[in-house]
Structure formats: structure tokens, C-alpha cells
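The primary structure of each chain is shown beneath.
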Amino acid sequence: YLLNIAKPKVAVLTAIGNLPVHLEFYADPQAVVREKSKLIENLYTDNFAVLNFDDEETIVLKEKTRGKIMTFGFNEGADIRITNFENRLEDGKLEESGIFFKLEYKRNFVPVVLRGVLGKSHAYATAAATAVGLIYDLNLVEIAERLANNYQPAKRRMNLISGKKKIYIIDDSYNASLLSMTNALQTLKDLGGKRRVAVLGDMLELGEYSNEAHEKIGKLAAESVDILITVGFLAKIIAESAKNSGLPMEKIFSFENTEEALATVRKLVKAGDIVLIKGSRAIRLDKIADAMV
């Protein structure tokens, strides 16, 4: 429908993943992939498809387009490659915290620093945007400078903010899928030296794959967090899976809704904690994020 309104000259596929979002509305994961692939199937030979080189479900779609291909990612072989990536959390210096990495293109490197955010998702977004900039004849140095001066992350997407009790909050409460939840927990796991608290809500619209996805997140949570708080009916599967994967029961708390969870979150967190808040939008974990600031 959208392609009948406007055909893009540049089409960017950021990621699909093994269990794509919105599965509830499609017959199976491949049906979602087919829908997304229409974006690049409709390109002309002088158009560009910008593809995530690291995502297996995305990169295989390069065979489905007549357009020129530009790739981005961490893996060797990507046209725009992300290297030397680091999540950095400076004690008491939130304004100096963020992500630090380099972008490589045709053996040229530029450093990039993005303040106030954490996680590889922002590096991926930066690399995808860099690809589009290069297509439109910006050079790598110009792109890095403009990113440093103008990058404004969307609210509630891995935003690093200061909270009450001198805690650090990673507010990723806008939405949740298996891929984004995995990336968020991996980021939390990488931040050593502090107590890690995760407030995780349901991942919605996954249909028959819902239980499997929540079980996977529970296993990852057991490896990544010191305290787990779940909110919602499906998130109870995360809690059960985390317990079965070795996270002690006394470190796990489950609640039906945000209002019930908030009092426990306030009680449990203490100075220096890193608190990840993430769930599907309908769970309204943004209320917890706002209450803790």
C-alpha cells in the first residue's frame, strides 16, 4: 500500500531477526520477511538498498533487489563497519557517559561519540544513517561531525538518565521485541562493577512464538542481572525461565501491572544501581521510568 503512494530511492532495512516483530499478524516469520522485502524489491537499478550486514534474515534479501547495495554492521565485510565499540558509564559524570566507537569506510576511520545513550542499537542506527549520507555525497568526516553535534536519540530508546537515589536508568520503555530485549540485556551485562536491576515487561504481538521468546529472555536475564522485576502476564514466563536458569528466587519479583511493581522498584533500588526498564508500550513501563527520575 505504501509503495503505491511513494517509491523510495533509498531503502533501509535495519534488522529483522529470528523472531520478527508483529508476528501475531502474520502466518509465520517468513511472511514478515516477505512483507519487509517488498521495500527493496521495488527499487530501480540506480536506487540503493542499505542492509544490516550482521542480521542473517536481512542480508540474504540482497538477492531480491535490482538496486545498488550498501551494507553496515560490526562484522568484517560490511561496507560501513563499526569497530572499537564501548559502552562507557562514568561515575558521577552522566554527561561524559555514552557510546564510543569508530566507523570505517574504504579504509578511512572516524571516531564517533554519542552521549546520553547506551547499546549497540544506536551504533547500528548511526552506521545506517552514515550509509545514506555517503549515498548523498557527504564525506565520512562531515558525517561524524554532524552526528556529534546533532544526534538526538528518540525518547525511551536506551536513553541513559540520572534517577533518584543516585541511580542510573537505562530507559528503553518505548517498546520491546526479542531482538531489542536481547540487545538491551546484553548492554546491561556488559556494564560491570555495579548492581544491575532489570524491570522487564511483556513482549507483545509475537503470537504462537510468545512463550519461546519470553523463555529465551529469561535465560539471558539470569546471566545479565542481579535483580529481576517482571511486569505483566507474559513476563511471568521471563521470571520462571530466569529461576530455572539459576537466578535465585529471592532476586526475582513478578507483578501484574506497573502500579503494583513501582513500590517494590522504589524499595529495592539503592545508590549506584543501574536500572534497565524495558517492555512493550502497552505495559506502560514509562510510568516507572518517570517515577524514578
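In the block above lies the structure referred to throughout.
Residues numbered from 1 in each chain as written. Predicted model: local features only at pLDDT ≥ 70, side-chain atom pairs only at ≥ 80, totals over all residues. Heavy atoms only, no water.

Engineer: What is the right way to read the packing of aromatic side chains from this model?
Structural biologist: Aromatic ring pairs are described here by two measures, namely the spacing of the ring centres and the angle between the planes. Applying the stated criterion across every chain, the model contains four aromatic pairs. Measuring from ring centre to ring centre gives 5.2 Å for Phe74 and Tyr124, while their planes differ by 70 degrees; the resulting arrangement is edge-to-face. With a gap of 50 residues between them, Phe74 in the loop between strand E3 (68-73) and strand E4 (80-88) and Tyr124 in helix H4 (residues 120-135) connect regions that are remote in the sequence. Exposure class is identical for Phe74 and Tyr124. Each is buried. A connected cluster of aromatic rings, assembled from ring pairs, spans Phe72, Phe74, Phe85, Phe101 and Tyr124. The lysine or arginine in question, Arg88, covers the ring of Phe100, its NZ or CZ lying 3.7 Å from the ring centre. (Phe/Tyr/Trp six-rings, centres within 6.5 Å; stacked < 30°, edge-to-face > 60°. Helix = DSSP H or I, 4+ residues; strand = E, 2+ residues; numbered from the N terminus. Buried < 20%, exposed > 50% of the residue type's maximum accessible area, 1.4 Å probe, protein only. Lys NZ or Arg CZ within 6 Å of the ring centre and 35° of its normal.)

Engineer: Help me out: how do you make sense of the packing of helix H7 (residues 210-224) against helix H8 (residues 235-244) in this one?
Structural biologist: Two measures define how a pair of helices packs: the angle their axes make with one another and the distance between the axes. Between H7 and H8, the least distance of the axes is 7 Å, while the angle of their chain directions is 45 degrees. Between H7 and H8, the interaxial angle falls into the category oblique. You can see that H7 and H8 cross each other, and the crossing is right-handed. Across the interface between the two elements, Asn211, His214, Glu215, Ile217, Gly218, Lys219 and Ala222 of H7 pack against Ala235, Ile237, Ile238, Ser241 and Ala242 of H8. (Axes fitted to C-alpha atoms, helices over the stretch in contact; angles between N-to-C directions. Parallel < 35°, antiparallel > 145°, perpendicular 65-115°, else oblique. Left-handed = near helix turned anticlockwise from the far one by under 90°. Contact = heavy atoms within 4.5 Å.)

Engineer: Quick question: what am I supposed to make of the nonpolar core here?
Structural biologist: A general trend in soluble globular proteins is that nonpolar side chains are found buried together. With 36 residues, the main nonpolar core has Ile170, Leu185, Leu200, Ile217 and Leu228 as its most contacted residues. Every element with two or more residues in this core is listed here: strand E8 (167-172), helix H6 (178-190), strand E9 (196-201), H7, H8 and strand E12 (274-278). Leave out the neighbours within four places in its chain, and Leu228 touches Ala198, Leu200, Ala221, Ile238, Ala239, Ala242, Leu247, Lys251, Ile252 and Phe253. Met70, Phe72, Ile80 and Ile143 belong to the second-largest nonpolar core, a separate cluster that totals 27 residues. (Core = buried A, V, L, I, M, F, W, Y, C linked by side-chain atoms within 4.5 Å.)

Engineer: Just to check I follow, could you spell out the sheet that holds strand E7 (residues 159-163) for this structure?
Structural biologist: Within a beta sheet, neighbouring strands are joined by backbone hydrogen bonds and run either parallel or antiparallel to one another. Within the open sheet, the six strands sit side by side as E7-E8-E12-E9-E10-E11. Their pairing is mixed. Of all the strands in the sheet, the pair left with one neighbour each is E7 and strand E11 (252-255). Each neighbouring strand pair of the sheet contributes to a mean axis angle of 20 degrees, computed without reference to strand direction. With five bridges connecting them, E8 and E12 associate as parallel partners. Residue pairing across strands places Tyr168 opposite Ile274, the latter belonging to E12. Against the sheet, H6 engages E8, E9 and E12, with an angle of about 170 degrees to E9. (Pairing = 2+ DSSP bridges.)

Engineer: So what exactly am I meant to see when it comes to the packing of H6 against H7 here?
Structural biologist: Running from N to C, H6 and H7 cross one another at 5 degrees; their axes reach a closest spacing of 9 Å. As the angle between them shows, H6 and H7 are arranged roughly parallel. Touching Leu178, Met181, Thr182, Leu185, Gln186, Leu188 and Lys189 of H6 are Ala213, Lys216, Ile217, Leu220, Ala221, Glu223 and Ser224, all from H7. Considered class by class, the residues forming the contact of H6 with H7 number eight nonpolar, three polar and three charged. (Nonpolar A, V, L, I, M, F, W, Y, C, P; charged D, E, K, R; others polar.)

Engineer: Please clarify how unusual backbone geometry should be interpreted in this entry.
Structural biologist: Glycine aside, a negative phi is what most residues show, and trans is what most peptide bonds show. At Met158, a position not held by glycine, the phi torsion is positive, near 60 degrees. Here Met158 lies in the loop between helix H5 (140-150) and E7. Unlike most non-glycine residues, Lys166 shows phi in positive territory, near 60 degrees. Mapping Lys166 onto the fold places it in the loop between E7 and E8.

Engineer: Would you explain a nonpolar patch on the surface in this entry?
Structural biologist: On the surface, Tyr1, Leu2 and Ile5 cluster together into a nonpolar patch covering about 450 Å² of accessible area. By relative accessible area, which is 65% here, Leu2 ends up exposed. (Patch = residues over 30% accessible without salt bridge, like charges linked within 9 Å, V, L, I, M, F, W, Y side chains within 5 Å. Areas by Shrake-Rupley, 256 points an atom, 1.4 Å probe, with all protein chains shown as cover. Salt bridge = Lys/Arg side-chain N within 4 Å of Asp/Glu carboxyl O.)

Engineer: So what exactly am I meant to see when it comes to H5 here?
Structural biologist: Since the α-helix turns once every 3.6 residues, residues separated by three or four places project in the same direction. By the burial criterion, the buried members of H5 are Leu140, Ile143, Ala144 and Leu147. Down the axis of H5, the buried set is contained in an arc of 95 degrees. They therefore lie on one face. Set apart from the buried face of H5 by more than 90 degrees, the exposed residues are Asn149 and Asn150. Elements in contact with the buried residues of H5: strand E5 (98-105), strand E6 (108-115) and H4. Where H5 begins, the side chain of Asn139 points an oxygen toward the backbone nitrogen of Val141, at a separation of 3.1 Å. (Arc of directions from axis to C-beta. Polar contact = N/O pair within 3.5 Å; in protein donor to acceptor, adjacent residues only side chain to side chain.)

Engineer: Would you take a moment to explain the sheet that holds strand E2 (residues 48-52) for this structure?
Structural biologist: Overall, mixed pairing links the six strands, which are arranged E1-E2-E3-E4-E5-E6 in an open sheet. Strands with a single pairing partner mark the edges of an open sheet, and in this sheet they are strand E1 (10-13) and E6. Averaged over neighbouring strand pairs, the angle between their axes works out to 20 degrees when direction is ignored. Sheet topology note: the E5/E6 ladder contains eight bridges and is antiparallel. Bridged to Phe101 within E6 is Val112.

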